[in-house]
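# Per-entry structural report
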Amino acid sequence: MSDLAIDIRNVVKRYDQHVAVRDLSLQVPRGSVYGLLGPNGAGKTTTIRMILDIILPDAGSISIFGRPNTESGILNSVGYLPEERGLYKKMQVRRVLLFLAELKGIRPTDAAKRIDEWLARFSLVGERNWGDARVDELSRGMQQKVQFIATLLHDPDLVILDEPFSGLDPINAQALKDAVLELKQRGKTVIFSTHVMDNAEKMCDSVCIIARGEKVLDGGVAAVKKSAGSRNIAVSLAGGAQNGVSAVLRDPTFVRRCDDNNNYFELELFPNADAQLLLRRLIDAGANIERFELMQPSLHQIFLQRVGASGVEKGMSGHG
Amino acid sequence: MDNKIFIVAKREYLERVRSRTFLAFTLVIPLFIAAVTMFPLYIAAKSGASTAIRHVTIIDATGSGLGDRIAHALMTDSTIARIPNDTVTPRVENVSAADVPAREQAAADEVKLPDHITGYLVLTDSTLAGKSARYSGRNASTIGDMDKLRSLVRQEVMVSRLEREGVRKDIVNDLATSNFRLSSERLTERGRGGSGQAGIFAGISVGLLLFMSIVFHGQNVLRGVLEEKSSRVAEVVISSVKPESLLAGKVLGVGGVGLTQQAAWFAISAYLMNFLGPVILKAATKGAVTASATSGSGAANAALGASFGGMALSIVAVSLMFFVIGFVFYASLYAAAGSMVNSEQEAQQAAMPVMLLLMSTWLMVNPVLINPNSKLAIVLTWLPWSSPIMVPLRMGLTTVSPAVIAGSALVAVFGCIASIWLSARIYRVGMLMYGKKPSFSEVAKWIRYA
């Protein structure tokens, strides 16, 4: 058995006018939490759909746990939460879940048992048993839970979540994070795509950044950050950048890039710039410094640095 | 893979059969058909002569015993509904011509009293001359009663005049009671095959039923696809099932619903007509009726029997086969149309070409009815989009050889394969395309790169 959950080799997908994915290769280690990062329109969803054999690649190969993804039954070990979510609105919750589980090769009697467990776990059984309600009687948050149950009901070894945090309320978002970590502890592989770098940085073991259908970089999060160097400085100022402070933070002899968040700044210095000198000049300028820290760049910084604002291909919208 | 088609089909089938709309349609349609068929029967039964025309006074001023003859005929005519234990007989008053006005006045007064005579008939010399008689009564506008009275009076006038001319009595009786009926029977190369009307009834009803079922359930497939797409559930499902299997399962499931519904329709209609029909007829003729075979209701009964009983088993079998083929052909096209669009309004537009194909077939039904062996009819037998309706229709009208039936079924099956192939390619791409409605050239591209 392969120790790669997913092995994508030289995959190409062309549409009429543009190339959605060009010569993409990436490997997802078994048992890891893997982030597929990129701006909207970068080719994330196309890549995920090709992994799931929803779209056929024009060239290249994709294997799941060492077997080609076109092999019959292999997709039964994959759980998928698409970005565009929805359920049969007029159907009873329990019947929707049963149907989706059956499609993944679970026998109806087993599925019924699991559905009860999951409904209880997501507190959908209380004063009312929401399993017997119709989908459109459920609140949005409850529907999200049901959708998530549908993804995990057949106990997949590989879970693919496309923009899982979009549209989630904070409580469900936290529940999702907990669930992802629990899956990892149980040895499952989780891939999720996102354009929110904070989530990725906190949760992922490895990431791959893609833009314009191409891989920009990939690897373990620590290695990616390390290779990006530590010429970054985090600065927190009480009361924001007053008077000349702002000019110092943007001094082109020191600072290559300044990410200004009003009270918090993330600076990227030129390779030969002296951080101590910068600190002194900030004090001289009258800055009220709460934090001044040499640090590794955040994924967000790396992303901006490597992809830039031009990472989104013109004329494309909708699916990454 | 095959198993997944079955799972999809099962969901489609159960969700639809469980719905209230299905139950309503399944029960309401046969009731409607029964009502539509029964109403003319009811009217026919209603319009037959009723026993009321026996409750009359006959004022006979002819002096020839014509009144007694008519009274006798009224009592013996078997087509007049008869109430058991009804002992009322026509009262004949033989009067002189001068007394007629006074007697008429008395009879008119009696008609106005409750539970007395229904009306009175006045016979004069003019009647005997074969010109006119006069009737007044409460049932004067009841077509059935008046028709019966008119024919009895005419018959008895003829009999008495023939007798007067010296024609032998037995010959007169024979002539008078001869009951002429034209019955028609269809002859085919294979022998006798029910009445001519039966074939047309069967052909039209089968054709109409097939057409309506294909449109109705085809639209259902379209709506189902659209629902999966607009509720965004499609992508989860497609990550577990190949789009082709999803399409196939959907078409099978909805087709199963169609077959179930039709079986229910046939069963309920047959029940209603066989068991309820006579009851309604009884009700229509107020009480115990011995309606004879030659009466109006008898003819209606025959027509009714023709539309169902006259339908040979072979037509039913072939109709079912062609329903399945035709449904698969059109339903997969409907599914493709549904996958291209995002809203019900757009769906109607996208389904237009499919609808046109169906309508063009339907418009040809009339010419084929008129001449089921024309070149046009033969061409339509072989085209995969028209044969599912035309073959059963023509079978009801003329003889279609088993070889032709098998051949056109085969062509239609190939048509289905082409339609499924085409639809699956559109469906595969269309299911995950949101946004504006694609143009035809875009759809052509989908077909190429799917």
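Residues numbered from 1 in each chain as written. Chains lettered and ligands numbered in written order. Predicted model: local features only at pLDDT ≥ 70, side-chain atom pairs only at ≥ 80, totals over all residues. Heavy atoms only, no water.

The next point concerns the sheet that holds strand β2 (residues 19-29) of chain A. Residues and elements named next belong to chain A. Across the sheet, which stays open at both edges, the four strands sit in the order β2-β1-β4-β5 with antiparallel pairing between neighbours. Whereas interior strands pair on both sides, the edge strands pair on one side only; in this sheet they are β2 and β5 (67-68). When strand β4 (residues 59-64) meets β5, the two strands line up antiparallel, connected through two bridges. The residue bridging I64 from the neighbouring strand is R67, located in β5. This element, helix α1 (residues 44-51), spans β1 (4-14), β2 and β4 of the sheet and lies at about 115 degrees to β1. (Pairing = 2+ DSSP bridges. Helix = DSSP H or I, 4+ residues; strand = E, 2+ residues; numbered from the N terminus. Contact = heavy atoms within 4.5 Å. Axes fitted to C-alpha atoms, helices over the stretch in contact; angles between N-to-C directions.)

Looking now at the packing of helix α17 (residues 387-397) of chain B against helix α18 (residues 402-430) of chain B. Axis angle and axis distance: for two packed helices, these are the angle between their axes and the distance between the axes, and together they describe the pair. Residue and element names in this part refer to chain B. At a minimum axis separation of 10 Å, α17 and α18 run at an interaxial angle of 165 degrees. Relative to α18, the element α17 is oriented roughly antiparallel. Two packed elements cross with a definite hand, and for α17 against α18 that hand is left-handed. Every residue of α18 that contacts α17 at S387, V391 and M395 is listed here: I405, S408 and A412. (Parallel < 35°, antiparallel > 145°, perpendicular 65-115°, else oblique. Left-handed = near helix turned anticlockwise from the far one by under 90°.)

Below, the discussion takes up the packing of helix α16 (residues 375-382) of chain B against α17 of chain B. All names here are of chain B. It is the contact of α16 with α17, at a shortest axis distance of 7 Å, that shows an interaxial angle of 130 degrees. As far as their axial angle goes, α17 and α16 are oblique. The way α16 lies across α17 gives a crossing that is left-handed. Contact residues: A377, I378, L380 and T381 in α16; S387, M390, V391 and R394 in α17. In terms of residue class, the contact of α16 with α17 is made up of five nonpolar, two polar and one charged. (Nonpolar A, V, L, I, M, F, W, Y, C, P; charged D, E, K, R; others polar.)

Moving on, we come to the interface of chain B and chain A. Facing the 25 residues of chain B at the interface are 26 residues of chain A. Summing both partners gives a buried area of about 2,600 Å² for chain B against chain A, and 56% of it is carried by carbon and sulfur. It is R11, E235 and S239 of chain B in chain B that bury the most area against chain A; as a group they hold 22% of the surface buried on that side. With a shortest N-O distance of 3.2 Å, K10 of chain B and E102 of chain A are connected by a salt bridge. In this assembly, chain B and chain A are joined by 10 residue pairs in polar contact (both at pLDDT 80 or more). At the level of elements, α1 (2-18), α8 (196-230), α9 (234-238) and α19 (440-449) of chain B are the ones that each hand at least two residues to the side of chain B that touches chain A. (Buried area = accessible area lost by both parts, 1.4 Å probe. Salt bridge = Lys/Arg side-chain N within 4 Å of Asp/Glu carboxyl O. Polar contact = N/O pair within 3.5 Å; in protein donor to acceptor, adjacent residues only side chain to side chain.)

A few words on the pairing of strand β11 (residues 232-237) of chain A. All names here are of chain A. Most of β11 is tucked away: six of the six residues are buried. Of the two faces of β11, both are covered, the one formed by N232, A234 and S236 as well as the one formed by I233, V235 and L237. Pairing geometry for β11 and strand β13 (residues 264-269), over five bridges, is antiparallel. Opposite S236, over in β13, you have Y264 as the bridge partner. Looking at chain direction, β11 and strand β14 (residues 289-295) are connected through six bridges and run antiparallel. Residue V235 lies in a different strand from β14, and its bridge partner there is F292. (Buried < 20%, exposed > 50% of the residue type's maximum accessible area, 1.4 Å probe, protein only.)

This part is about the layout of surface pockets. In this model, the second largest pocket occupies a volume close to 930 Å³. Around the second largest pocket sit 29 residues that line it, and K90 of chain A together with E15, R16, S19 and T21 of chain B are the ones nearest its centre. Broken down by secondary-structure element, the contributors of at least two residues to the lining of the second largest pocket are α1, α2 (20-47), α8 and α10 (243-284) of chain B. When residues in the lining of the second largest pocket are grouped by element, the largest group, eight residues, is from α8 of chain B. For the lining of the second largest pocket, the residue count by class is seven nonpolar, seven polar and 15 charged. (1 Å grid on protein atoms, 1.4 Å probe; cavity = no way out; pocket = protein on both sides within 12 Å on 5 of 7 lines; lining within 4 Å. Points joined across faces, edges and corners; volume = space filled by probe spheres on them.)

Moving on to helix α9 (residues 275-284) of chain A. Residues and elements named next belong to chain A. A275, L278 and L282 are the residues of α9 that are buried. In a view along the axis of α9, the buried residues occupy a sector of 55 degrees, so they form one face of it. For α9, the exposed residues set more than 90 degrees away from the buried face come down to R280, I283 and D284. Where α9 is buried, its residues touch β11, α8 (245-249), β13 and β14. The backbone nitrogen of Q276 has a side-chain oxygen 2.8 Å away, supplied by the residue at the start of α9, namely D274. (Arc of directions from axis to C-beta.)

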